[in-house]
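# Structural features, examined
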Amino acid sequence: MIVRERQFQKINKMFIVLRVLVYVFACSMQLFAQVVHVSGSDTAQDATTTAFARIRLACDSRITHDMAVQQPMDSELFARVACIASGVSENDMDAAIAQLHSAYAYVAAHLEHGMTQSEQAEKALVLLYDSVLKKYSGAQTLLNEALASGAYNCVSSSIIYMYVMKRMNISVTGVETPLHAFCTVHVDGKMIDVETTNPHGFNPGVRKALESSKNKNAYYLVPAKNYASRKNVSDQRFVSLIFNNRISALQRRHQNDEAIALAVDAMALQNNSAQSFATVQTCINNTIADYGTSGKNEDALLLVEKAAAAFGSTEPYQKNAAAAVSNLVNAHTRRGDYESAFVVLENHKLKLSQKDYATMRENATANLLISVVENEPLERALTLIRARESDLSKNRYTQLIVRAYSHEAYKIAERGNWLAAAAVLENGLQELPKNSELAKQRNIYRQNFATEVHNEAAARYNSGDKAGAKRVIAAGLEKFPDSMLLKNDLQRMR
C-alpha cells in the first residue's frame, strides 16, 4: 500500500479546519453577546463629574410669565427681555438700558416736525447708523455688545430698531426666515419691510434717490435678500433669536451642556412653544451624546433622569439612556466583573424600555455564561446554562450549550484524544439532536482519529510489516467502526 503525499496534506489540514471553525464560532458568540452602543469610551464611571454642575434646567428667574404672554411688548419690557437674552447681569442691566435710552434720544432729537410715520421710520434707521450701528459682524447678536461697540448682525440691529419704533409708538413686527431676520413697520396704512443691516434698508427692493448726492441721478437699491420662507413672529420669538444664536455658537464650540440653560430660558420666554421645546430637547440630547462619547455615562444617565423629571420622558431620552447603560454594562463585562454589570442594569432599569432592559439582561447573562464555559468544568457550565434558560432566547440558549460542549471537546482534542473529544460532542447531540455544528465537529475529530490510524498502518505496511498494519487497522475499526477510510484500508490488505 503506497500512501501519497497529497493524501497526507489533505487529511492533515482537517485539524486546522477545526481550529478555524471553533475560533469563528467563539467570535460569533462574543459578538452576539454584546450590546450595540454609541461610539466612544466604555470606561466605567462610578461618580458624576463636575461638568454636570454647569447644567441648569430651570429658567432664569427674571423671565416671568407676564413676559411670555404680553404681545406686543412695550418698549421697556422689550428692552429688559432683550438684555436678559443677551446675558446681561442684573448689576449691568440699568447701564445697558440707559444706552438704549440714549440711542432713542438721539433719534428723537434729530427727527423733523411734520414728518409722516413712514418718513420717521425711515429716518430713524439712518440716525441709528449715525449714532450706534458701526460695523456689521455676522456673529454679533448681543444687544449690549452692539450698543457698546457698534458691532451688529441682523438680530441685534433689528432689536435696537424695534425698540426705537416702540418708543415712537410705531407698530413694528419681527420677521424670521431660515437664514435671516429683519422687521416690518405698519406706517401710514402700509406694511413696510426694514432691512436693519443697511442704513438705507427701509423698504428694501425699492430704488431711491440719494438725498445728500450732488448728482440728481444718483440712486441706491437695497436688495431684499434671504426673505424666502418669511414669517412674522411675536416679540418673544424674535428676542429668542438672540438665545438661538448664542446656542448655535456654543454648539460650534462643542459646549452643548452650556447651551441647555439658554434653550430653557428661550422656551420659558416663548411660553413653552413646541418649537422652543424641540430646541431644548436637541441641546439635552446633544449633551447626553457628548457624555457618552467621552465616557461620562453616569452623567448621561443623571441628565436623562433630571430632564425627564423636568420635561417628561421622551423616546430620545430612552435611547440615550439605553446607550449609556449599555456602555457601563459592557465596561464591567470586559473586566470580567459580571456582578457589577447586573447591578448597573438593575439600578437603571426604570430608565429603559422593557425591550432594551430584556435585551441587555439577556446579553449580560450570555456574557456571564460564556465566561463560565471558558473557566469552569463542563458539567458546572451546563448546569448554570440550564438554570438560566428562562433568561435566554431559544437560539441564545442553544448557542451556549453548543459552546460548552465544543469548548470541552476542543480541550481534549488539543491533547490528541480525538475519540474522547468526539464522545463529548456525541453527548451534546443527545441533548441537542441534529445540531449541525456539534455534528460537524464530531465528524472532524473522528476523521482525525482515522487519519492517525491510517498513517500508522501505512508506515508499517510500507516498511514490510503487513500483519502489523492490519492489526492497527483492525484496532482502529473497533474504536471507530463507521470509518470508511479504515474500511477501505482493510479491504486493500486482503
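Notes on the structure follow. All values derive from a computational prediction rather than experimental measurement. (Residues numbered from 1 in each chain as written. Predicted model: local features only at pLDDT ≥ 70, side-chain atom pairs only at ≥ 80, totals over all residues. Heavy atoms only, no water.)

### A look at the sheet that holds strand 8 (residues 231-233)
- With antiparallel pairing, 4 strands are arranged side by side in an open sheet as 5-4-3-8. The two strands at the open ends of the sheet, each matched to only one other strand, are strand 5 (190-194) and strand 8. Each neighbouring strand pair of the sheet contributes to a mean axis angle of 40 degrees, computed without reference to strand direction.
- Across 5 bridges, strand 4 (residues 181-187) lies against strand 5 in antiparallel orientation. Residue pairing in the sheet places Thr184 in a bridge with Asp193 of strand 5.
- Helix 7 (residues 154-167) contacts strand 3 (171-176), strand 4 and strand 5 of the sheet and is inclined by roughly 20 degrees relative to strand 4.
- Against the sheet, helix 8 (residues 235-252) engages strand 3, strand 4 and strand 8, with an angle of about 50 degrees to strand 3. (Pairing = 2+ DSSP bridges. Helix = DSSP H or I, 4+ residues; strand = E, 2+ residues; numbered from the N terminus. Axes fitted to C-alpha atoms, helices over the stretch in contact; angles between N-to-C directions. Contact = heavy atoms within 4.5 Å.)

### What about the packing of aromatic side chains?
- Inspection of every chain in the model, using the stated rule, returns 4 aromatic pairs.
- Ring centres 5.8 Å apart and planes at 75 degrees place the aromatic pair Tyr136 and Tyr152 in the edge-to-face group. Placement of Tyr136 in strand 1 (residues 135-136) and of Tyr152 in strand 2 (residues 151-152) is noted, with a sequence separation of 16 residues between them.
- Judged by its relative accessible area of 47%, Tyr136 is partly exposed.
- On the accessibility criterion, Tyr152 (5% relative accessible area) is buried.
- When the centroid spacing of 3.9 Å and the interplanar angle of 15 degrees are considered together, the rings of Phe182 and Tyr227 count as stacked. Of this pair, Phe182 sits in strand 4 while Tyr227 sits in the loop between strand 7 (219-220) and strand 8; the two residues are 45 residues apart in sequence, bridging distant segments of the chain.
- Judged by relative accessible area, which is 0%, Phe182 ranks as buried.
- Connected via pairs of aromatic rings, a cluster forms that spans Tyr129, Tyr136 and Tyr152.
- The ring of Phe78 has Lys166 lying over it, and the distance from NZ or CZ to the ring centre is 5.1 Å. (Phe/Tyr/Trp six-rings, centres within 6.5 Å; stacked < 30°, edge-to-face > 60°. Buried < 20%, exposed > 50% of the residue type's maximum accessible area, 1.4 Å probe, protein only. Lys NZ or Arg CZ within 6 Å of the ring centre and 35° of its normal.)

### Section: helix 10 (residues 274-293)
- Compared with the 28 Å implied by 1.5 Å per residue over 20 residues, the 28 Å span of helix 10 between its first and last C-alpha is a close match.
- The set of residues buried in helix 10 consists of Ser276, Val280, Gln281, Cys283, Ile284, Asn285, Thr287, Ile288, Tyr291 and Gly292.
- Of the surrounding elements, those touching the buried residues of helix 10 are helix 8, helix 9 (256-269), helix 11 (297-311) and helix 12 (315-334).
- Phi turns positive one or two residues past the end of helix 10, at Gly295, with a value near 80 degrees. (Expected span 1.5 Å × (residues − 1).)

### Observations regarding helix 19 (residues 466-479)
- In a regular helix each residue adds 1.5 Å, so 14 residues correspond to 20 Å; helix 19 covers 20 Å between its end C-alpha atoms and thus fits that length.
- All buried positions along helix 19 are accounted for by Gly468, Ala469, Val472, Ile473, Gly476 and Leu477.
- Contacts made by the buried residues of helix 19 are with helix 18 (436-462) and helix 20 (484-493).

### Side note on the packing of helix 19 against helix 20
- In contact at an axis separation of 10 Å, helix 19 and helix 20 are set at 150 degrees when each is read in the N-to-C sense. For the pair helix 19 and helix 20, the sense of crossing is left-handed. For the pair formed by helix 19 and helix 20, the contact residues are Ala469, Lys470, Ile473, Gly476 and Leu477 on the first element and Leu486, Lys487, Asp489, Leu490 and Met493 on the second. (Left-handed = near helix turned anticlockwise from the far one by under 90°.)

Interpretation note: all reported values are geometric properties and have no functional meaning in isolation.
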